[in-house]
Amino acid sequence: MTDSAVTALRIDAWRKPGPDHAGTPAPWGGRPPRTTLRCAPGEPEAPAAESVVATAGTTTDGTAGTTAGTLAERKAVADTVATRYAQAGKQEKSEILDQVCAVTGWHRSHARKALLRVARPQAARPPRTGRTKYDADVVAALTFCWKVLDRPAGKRLAPVLPELVPVLRRHGELDISDETAELLMGMSAATIDRRLAEQRQRTVAPKHIRAGSLLRNELPLLNWAEWDHTRPGFMEITVVRHDGDGPRDGCLRTVTVTDIATGWSENRTIRNVNRVPYALDEVARILPFPMLGLDSGNSGSEAEDILLDWCGQRRVTFTHARPTYSGNHHVGQKNWSLLQTIAGDYRYDTTAQLVLLNQIWAALSTLTNYFYPQQHSVPADEDGGPRRKEYDTATPYRRTLRHHEVTAHDKAIVADTYVCLNPADLYRRSMAMTDRLHLMAAGGTDAAHQAALPRARRRAPGAAS
């Protein structure tokens, strides 16, 4: 609709008396119909049955109507008369409102606000000048922190930034000013996701195995302590083969143990299933709390019988997954986010690969347990109100420190270890060893290279390797 068409159109603002409209009240609330309509200076007066505002559309029966049907047509009506409405007197404004309401179907209050909003001059927004709040230095530092923590979502990254940034600056990994550090530590989860959106699109997600559902059988096979997943020490365990979809005999296996209450996780690679007890003994020595219960995800396998004997000798409660399923919830998440990302779908069966895998687990366990934030659901308050899911986003290290079941001595040990750790260095070392592992698995190394691999060093409890 052009401006000339809008100005030229006329409508019948009031229904003329006729057989179909007898006794119909006027659309302006019962007031008598106007006999004339005042126009702008220099224009002839319009007859009583016509208006100078635009019409468009059709009625419900398909005949020519007197109502502006679309939003654009109603806006054109308001634009046409807004200036004259602002300059008119009280009586003329009332007449203009009557006709605008008849044409657009608006309420008088809404019509008045629409006309005044169009007539009122809009202040131009001043252009933004100077430095933006989050400049390239802040985004670069954010990207570095995001990569060190294995690219978590904004809701997991935002709570840990106030703790991670000072650690990285103390070890010389982040060379940023105090102002940049304050901006980085104060970023919200939504802002983080927006600033990292381009990076996420360029990142190829590794192939994962989906986490399973919670499959614990409530009747334990050995019950030395009442199962309590809110107490540190009740853990889920699974033994994963690295057979690369090939023959099962002769391949390496990785034992994954995850504490349900804190999220603390440890991995150990072994030659065969008979070495599971030795892997558990090593894990039990370095945990910051005693092992109280195991929930096995290898139901019906040879590993479950070995686990049952080990738990019976050490008075550890033992449960297992239902026979119709395999895996369990918390270990399934660890396999999805850590173990399968590092080991992939390769076959591992050599001594050099065994040594290198355990070196990777030593570095990654320290990195994930002390610095990687994890989301745990928080029980909702039984207050009768609407229930909503709430999550606690913290690292396993922080959950261990604040749990009352962990002794002060064990808390002091992990706190002293935390001060000496450099997360960026742990990340670089683990990624370098992972690349070497994949090269070996793909056949890119010879026997001399494998023989030159460093021997595994014995790691002190909770210390970085």
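Here the structure is a predicted model, which means the values were calculated and not measured. (Residues numbered from 1 in each chain as written. Predicted model: local features only at pLDDT ≥ 70, side-chain atom pairs only at ≥ 80, totals over all residues. Heavy atoms only, no water.)

On a plain count of helices and strands, the protein comes out with 17 helices and seven strands. Counting over 465 residues, the protein shows a buried share of 43%. Put simply, of all contacts in the protein between residues at least 6 apart along the chain, 68% involve residues at least 24 apart. Carbon together with sulfur atoms contributes 52% to the accessible area of the protein, which is approximately 25300 Å² in total. (Helix = DSSP H or I, 4+ residues; strand = E, 2+ residues; numbered from the N terminus. Buried < 20%, exposed > 50% of the residue type's maximum accessible area, 1.4 Å probe, protein only. Contact = heavy atoms within 4.5 Å. Areas by Shrake-Rupley, 256 points an atom, 1.4 Å probe, with all protein chains shown as cover.)

This paragraph deals with the nonpolar core. In terms of nonpolar packing, the biggest core is built from 77 residues, with Leu157, Leu184, Val276, Leu294 and Phe371 touching the most fellow members. Counting 13 residues, the second-largest nonpolar core is a separate cluster that includes Ala78, Cys101, Trp106 and Ala114. (Core = buried A, V, L, I, M, F, W, Y, C linked by side-chain atoms within 4.5 Å.)

Here the focus is the environment of Ala424. Note on placement: Ala424 falls in helix H16 (residues 423-441). Taking the relative accessible area as the measure of exposure, Ala424 reaches 1% and is therefore buried. Put simply, Ala424 and Leu168 are 256 residues apart on the chain and 7.2 Å apart in space, counted from C-alpha to C-alpha. Setting aside chain neighbours within four positions, we find Ala424 in contact with Phe144, Val148, Leu168 and Glu173.

Here we come to the packing of helix H5 (residues 136-148) against H16. Each pair of packed helices gets described by two things: the angle between the helix axes and the distance between those axes. Two elements in contact, H5 and H16, have axes separated by 9 Å at closest approach and are oriented at 60°. One finds that H5 runs oblique with respect to H16. Judged by the sense of rotation from one axis to the other, the crossing of H5 with H16 is left-handed. Residues Phe144, Lys147 and Val148 of H5 form the contact with H16, whose participating residues are Pro423, Ala424 and Tyr427. Its residues assigned to classes, the contact of H5 with H16 shows five nonpolar, no polar and one charged. (Axes fitted to C-alpha atoms, helices over the stretch in contact; angles between N-to-C directions. Parallel < 35°, antiparallel > 145°, perpendicular 65-115°, else oblique. Left-handed = near helix turned anticlockwise from the far one by under 90°. Nonpolar A, V, L, I, M, F, W, Y, C, P; charged D, E, K, R; others polar.)

Counting buried positions over the eight residues of strand E1 (residues 234-241) gives seven, a clear majority of the element. Bridge analysis of E1 against strand E4 (residues 293-296) gives four bridges, and the strand direction is parallel. Within the sheet, the bridge partner assigned to Glu236 lies in E4 and is Asp295. Bridge count between E1 and strand E2 (residues 253-259): seven bridges; the pairing is antiparallel. By the bridge assignment, Met235 is partnered in E2 with Asp259. (Pairing = 2+ DSSP bridges.)

Counted according to the given criterion, the structure contains six aromatic pairs. Relative to Tyr418, the ring of Tyr397 has its centre 4.6 Å away and its plane inclined at 15°; by these criteria the two rings are stacked. On the criterion of sequence distance, the pair formed by Tyr397 in helix H14 (residues 396-402) and Tyr418 in helix H15 (residues 408-419) is long-range, its members being 21 residues apart. Tyr418 matches Tyr397 in its accessibility class, with the two residues each being buried. Within the aromatic cluster, the residues linked to one another by ring pairs are Trp264, Tyr370, Phe371, Tyr397 and Tyr418. Note that Arg398 overlies the ring of Tyr418, its terminal NZ or CZ placed 5.6 Å from the centroid. (Phe/Tyr/Trp six-rings, centres within 6.5 Å; stacked < 30°, edge-to-face > 60°. Lys NZ or Arg CZ within 6 Å of the ring centre and 35° of its normal.)

With that out of the way, let us pick up the side chain of Ser265. Inspection of the secondary structure puts Ser265 in strand E3 (residues 265-270). From its side chain, Ser265 meets the backbone oxygen of Val257 in a polar contact 3.4 Å long. (Polar contact = N/O pair within 3.5 Å; in protein donor to acceptor, adjacent residues only side chain to side chain.)

In this section: the packing of H5 against helix H6 (residues 154-170). Two elements in contact, H5 and H6, have axes whose closest approach is 11 Å; the angle formed by their N-to-C orientations is 100°. Considering their axes alone, H5 and H6 lie roughly perpendicular with respect to each other. Within the contact between the two elements, H5 uses Leu142, Phe144, Cys145 and Trp146 and H6 uses Leu157, Leu161, Leu164, Val165 and Leu168. Residue composition of the contact of H5 with H6, grouped by class: nine nonpolar, no polar and no charged.

A word on a positive patch on the surface. On the surface, Arg112, Lys113, Arg117 and Arg120 cluster together to form a positively charged patch. Take Arg120: it is sitting in the loop between helix H4 (108-119) and H5. (Patch = residues over 30% accessible without salt bridge, like charges linked within 9 Å, V, L, I, M, F, W, Y side chains within 5 Å. Salt bridge = Lys/Arg side-chain N within 4 Å of Asp/Glu carboxyl O. Lys, Arg positive; Asp, Glu negative; His and termini not counted. Charge placed at Lys NZ, Arg CZ, Asp CG, Glu CD.)

Fine structural detail should not be taken from predicted coordinates in areas where pLDDT scores are low. Mean pLDDT over the protein: 75, with 68% of residues reaching 70 or higher. Considering only residues more than four positions removed or in separate chains, one finds that residues 206-220, a stretch of pLDDT under 50, has 36 contacts. Counting contacts from residues 322-332, a segment whose pLDDT is below 50, to residues more than four positions away or on other chains yields 31 contacts. (pLDDT = per-residue confidence, 0-100.)

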